[in-house]
Amino acid sequence: MCCYLVHSQLKQKEIQKPKTFEDHVNDYDKFTDLGHYHHAHRAIKAAIKIKPDDSKLLWQASSTAQIISNNAESISFAKKAWDNGLKTRDIILRIYSLRKSYARSNFSEQDKLLKMAYQLSSNEDRVLTHGDLLIQFNKFNEAWDLWRKYFENKPSSIIAQRIANCYIIKKDYLGGINFLADCYRKELLKEKGLLTYSRLYFLAGRYDAAKIVLSKARIIYPESKNVLLESAYCDFLMNNYAQSLKTLKLMDDFNLQDNDNHLINKRLLQANIYYIQKDLKSIEQLIDEVYSDDPKIEGEILLYNYLSNNILKHDLPVNKISRLLPKLPLSQLLIVQFYHSQNKHNKVLEYSNTIADSTIKLSPLLTKLWISSALIENQHLIAEELIKRQFARGLYTKAYFDQLAMIYTLNKKPQSLRRIKELKIKYFPSDKNALEDLILVHLKAKDFELAKKLLDEKTSYFNPQEVNLYEEIINQNFSKVLKLFEVVELNTNRLDQLKLLVIDQIEVNDISSEFKKACLENNLLAIAIAYRYLDSNNINVASEIFKNLSQNKDLFEEATIGLCIAKLQSDKFADAKVLYEKIKYNDPKSINFNILKITFALNDEGGDKAMSLINSLPLYFRSNRDINILTIKALMLQKKWTQATNLLHYNNNQLCKTRREKLLLAECYIRLKQFNMAMSYIEDNELEFNSPPIVSYMAIQNSIKNNKPSKAKAIIKSSLGSSDDIQLLLAQVAIDRHLEKHSNIIKILNNKLDNPNALYYWSEAMIKTGRFDDFEKKINLLNIDVNDLTRLAIICESLKLHSEAVKLYRITLNKQEKNAQIHNNIAWNLYLDGQFDAAIKDARIAYDISPHNDKILHTYSSILNANKLYEQTISLLKQNEFFKKSNSPKLLFNLAESYRNLNRNDEALSTYKACLGHISESDLNTNIVSIQNVKNYIASIEAD
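Cut-off values and rules
- Residues numbered from 1 in each chain as written.
- Predicted model: local features only at pLDDT ≥ 70, side-chain atom pairs only at ≥ 80, totals over all residues.
- Heavy atoms only, no water.
- Helix = DSSP H or I, 4+ residues; strand = E, 2+ residues; numbered from the N terminus.
- Buried < 20%, exposed > 50% of the residue type's maximum accessible area, 1.4 Å probe, protein only.
- Salt bridge = Lys/Arg side-chain N within 4 Å of Asp/Glu carboxyl O.
- Arc of directions from axis to C-beta.
- Contact = heavy atoms within 4.5 Å.
- Expected span 1.5 Å × (residues − 1).
- Polar contact = N/O pair within 3.5 Å; in protein donor to acceptor, adjacent residues only side chain to side chain.
- pLDDT = per-residue confidence, 0-100.
- Phe/Tyr/Trp six-rings, centres within 6.5 Å; stacked < 30°, edge-to-face > 60°.
- Lys NZ or Arg CZ within 6 Å of the ring centre and 35° of its normal.
- Core = buried A, V, L, I, M, F, W, Y, C linked by side-chain atoms within 4.5 Å.
- Axes fitted to C-alpha atoms, helices over the stretch in contact; angles between N-to-C directions.
- Parallel < 35°, antiparallel > 145°, perpendicular 65-115°, else oblique.
- Left-handed = near helix turned anticlockwise from the far one by under 90°.
- Disulfide = S-S within 2.5 Å.

The backbone of Glu686 sits at a positive phi, close to 55°, despite the residue not being glycine. The topology assignment puts Glu686 in the loop between helix H45 (675-684) and helix H46 (693-705). Since its relative accessible area comes to 64%, Glu686 is described here as exposed.

This is the structure we're talking about:
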């Protein structure tokens, strides 16, 4: 049985015939139709083994290898096809595209590809391919020259198209239009050339001209899907949505597959129009019309589902859509529309910037959405750049001018604002609103001559009442202006603008009760007039208005903010905080609320939090004067005195006009320890009186220095700080110290011992009033600085309170490592107090730590002599290297004293004489060595 099976299998193998060339080719076709490209590639490779020199088979193998992402085989088969005579432009471009990064960085590879281009049979293909490669190799100018020279000798549509693309790369749209216009007249342009021509008009913003070109293209190429789609796109860019949809409807006659790119773009364009029109039902119908397993369609349907609200999710899966659906410009525009409708303006800004297609990027719709989102997100530089980009294309709309004017107003750019208003009149000379806007700009800037000149030139645009009103405003005759407001017939918004102007420029005392009453009936004007009173320091009037306005639910927030600011200006911080708590969770976006928010952050959370809030503000908010002042205060709280000073100096003309701001600069100088500069600035700007405590303290110290205690007392009385303010208390202490009123100092500072300066001055006063024992009882409970303890010990020495000085010096030893000088001071005070035996220990410790110190040697030797240890003194000094070199008279005197007391008169005599020879004026002044005593000792010894 087993033998039968083996025989049967051998028989079957003998019967199976090898596949022929035709079999392999048929397999290739069959697998390709089924989309089984790996099997197709194996079939075509098998066919090539039979016919290895067949260039067409080799090219087909290269194509399937590319489809299955086998780039190395694709390049290899493409090169073999070329070597076997199939010299086509497509082979060169495929080899380049599959090793693009290598070719761009390798000159040898570039030369090979360029030489291949020269071997093409068609002269036009050679020039076309050579130029295309040069563009890819970043040799734009060489490609440009090559194509232009060829075109001069032999004009052709495809070369004309390439030259036009060069103009687009250079962004010379007008040059490209002029070039293609000449080709158009000579009827050189074919379908692609005409489409390029229309695109250039798109880029230049000449949609009407593009429409004419496309109309002719539709006549010449009535069956062209590209021309039809471009025509619909042109109508879309011109906001002619009905015509665009009508044109797109014609594409239904082409019976395209759902996954055809033309049909995908058609649906995307329809979806964009439907979304603009908020026709979500039509978007849903697009979903129902599509049937395909192609991944592109899956991404498209997913996008439509989000647009039509069929999927309610927070975030659009852009990455997934982009992965499935190629980044088609129209799909990207649709995504931007979706983000804008969902108020995700940061997403609009982010995504718009990634769109590469220039016609979409410059389109009116995208520009409108982009500018809108930029303004909402306070990205004014982006909005300004987008508008200027449209101006550069010759697209001037009233909306663009108004948006730029708003940007310049918010960012306080008066010159730019004036210029944009003048340009608006140039492009819209019959627009009365534009004219009134410019007059208003001149009036706000108080350029009354320019306003009068413009009014005189354009009088015909105004009725007599309007002319009269503007003339009285120009003349600043506000009493007449207020009366004219009651009778003049003006647009409501314009009348409010003029009233706001008058409120800003009129003296508050000149505001009539009638005008005030009329303003209070208008929400906008009511708030403005309240702030005007507040700015004029009429706090009570402003507070009353704000209080009444807060009863209006529409004005509650802004009125409460104003009332809160009024409370702060009245130094009623607690009342202001209560009002702030009522509105802070609503987080209003006004500049005044941000000023409050930062003010309370400064007080409650410090400079870091305040600076964080300031840095999060839009740039145009940060240019506000009050925000600048708060920035300086925040820097001061952060102890960044240099930065605060620099900011004040940088904005000197703007910020150092008022007394309040000059006081800030004075404080910065003080904090930077630039005391001379601070005092000069305080005196020059008359800041000594009615100033904050830190400035008052500086002025008081200066008065005491100049022996003017009465002036110092007057400064204290005028100071703006509370009577309990530590700086003011220290200032009073400075005066009492000068007048030696130590008991008063104790009384003032008894409850302020948590302040280091106050603690020192209190301790000093306790010692000087003979209350050391009371001070000593508290000393262990007080956190006195080591340096201050040392200063207090020195005071005790000066008062001959030597045992008290010793106690203080010993406390300092508990707060630091062994200190030779402190031990020496203890020893010396014990010596002066007659405690000779007790002094030896500390003197020895000091000497062991620092044996070559003149003062320590003197103290130790003096104490040894006082204890009658003369031999030790002699041994100490004679063996000390410092003594041998110093010739110090006080040390020589101690040595001589030791010799004299031991009756070693010859040695004593020579040593006294050496001492006498080295005594200087400074030694005499210390009273340590008496020259007369030395002379007496010399005389006494010599007499013996």
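Anyway, onward from the coordinates.
The next point concerns the pattern of salt bridges. A complete count under the given rule lists 37 salt bridges for this structure. Note that Glu907 is salt-bridged to Arg904, the shortest N-O span being 2.8 Å. Looking at Arg904, the relative accessible area reads 28%, which means it is partly exposed. The network of salt bridges with common partners includes Lys421, Glu436, Asp437 and Arg494.

For helix H16 (residues 241-249), the full list of buried residues reads Tyr241, Ser244, Thr247 and Leu248. The buried side chains of H16 occupy one side of the element, clustering within an arc of 120° when seen end-on. Those residues of H16 that are exposed and angled more than 90 degrees off the buried face are Ala242, Lys246 and Lys249. Summarising the contacts, the buried residues of H16 are in contact with helix H14 (207-220), helix H15 (225-237) and helix H17 (261-276).

This next bit is on helix H52 (residues 786-798). Compared with the 18 Å implied by 1.5 Å per residue over 13 residues, the 19 Å span of H52 between its first and last C-alpha is a close match. Its side-chain oxygen placed 3.0 Å from the backbone nitrogen of Asn787, Asp785 serves as the N-cap of H52. Directly after H52, the chain includes Lys800, whose backbone phi takes a positive value near 60°.

Looking at the chain as a whole, the pLDDT averages 84, with 94% of positions reaching at least 70. For residues 1-8, every residue scores under 50 in pLDDT, and the model assigns this stretch zero contacts once sequence neighbours within four places are set aside.

In this structure the tally under the stated criterion is 35 aromatic pairs. Between Tyr912 and Tyr937 the ring centres are 5.2 Å apart and the planes differ by 25°, which places this aromatic pair in the stacked class. Taken together, the residues span a long stretch of sequence, with Tyr912 in helix H60 (residues 905-918) and Tyr937 in helix H62 (residues 931-943) at a distance of 25 residues. By the ring-pair criterion, three or more aromatic residues cluster together here, those being Phe391, Tyr396, Tyr400, Phe401, Tyr427 and Phe428. Between Lys51 and the ring centre of Phe21, over which it is positioned, the NZ or CZ distance is 4.2 Å. Sitting over the ring of Phe485, Lys499 keeps its end group 5.8 Å from the ring centre.

Glancing now at the environment of Glu230. With respect to the element layout, Glu230 can be found in helix H15. Of the residues examined, Glu230 reaches a relative accessible area of 9% and is grouped as buried. With 31 residues separating them in the primary sequence, Glu230 and Arg199 have C-alpha atoms 8.9 Å apart. Apart from residues lying up to four places away in sequence, Glu230 is in contact with Leu195, Ser198, Arg199, Phe202 and Leu214.

Take the nonpolar core next. Judged by nonpolar contacts, the single largest core of 133 residues is most densely connected at Leu113, Tyr197, Phe236, Tyr304, Leu316 and Ile420. With eight residues, H15 is the single largest residue contributor to this core. Those residues in contact with Leu113, other than ones at most four positions away along the chain, are Ile92, Ile95, Tyr96, Ala103, Leu133 and Phe137. Leu749, Ile784, Ala827 and Val934 belong to the second largest nonpolar core, which has 108 residues in total.

Here we come to the side chain of Glu897. With respect to the secondary-structure elements, Glu897 resides in helix H59 (residues 889-901). At 3.1 Å, the side chain of Glu897 and the side chain of Arg900 are in polar contact. Separated by 2.3 Å, the side chains of Glu897 and Tyr912 make a polar contact. With sequence-adjacent residues up to four places away left out, Glu897 is seen in contact with Asn865, Tyr912 and Tyr937.

Right, let's get into the side chain of Lys421. With respect to the secondary-structure elements, Lys421 resides in helix H27 (residues 414-427). You can call Lys421 buried: its relative accessible area is 11%.

Between helix H6 (residues 89-98) and helix H8 (residues 107-118), the least distance of the axes is 10 Å, while the angle of their chain directions is 165°. Classified by the interaxial angle, the pair formed by H6 and H8 is roughly antiparallel. Classified by chirality, the crossing of H8 by H6 is left-handed. Here Ile92, Ile95 and Tyr96 of H6 lie close against H8, whose contacting residues are Glu109, Leu113, Met116 and Ala117.

Tallying each qualifying case throughout the model produces zero disulfides. Free cysteine Cys166: the closest other cysteine sulfur is in Cys183, separated by 13 Å.

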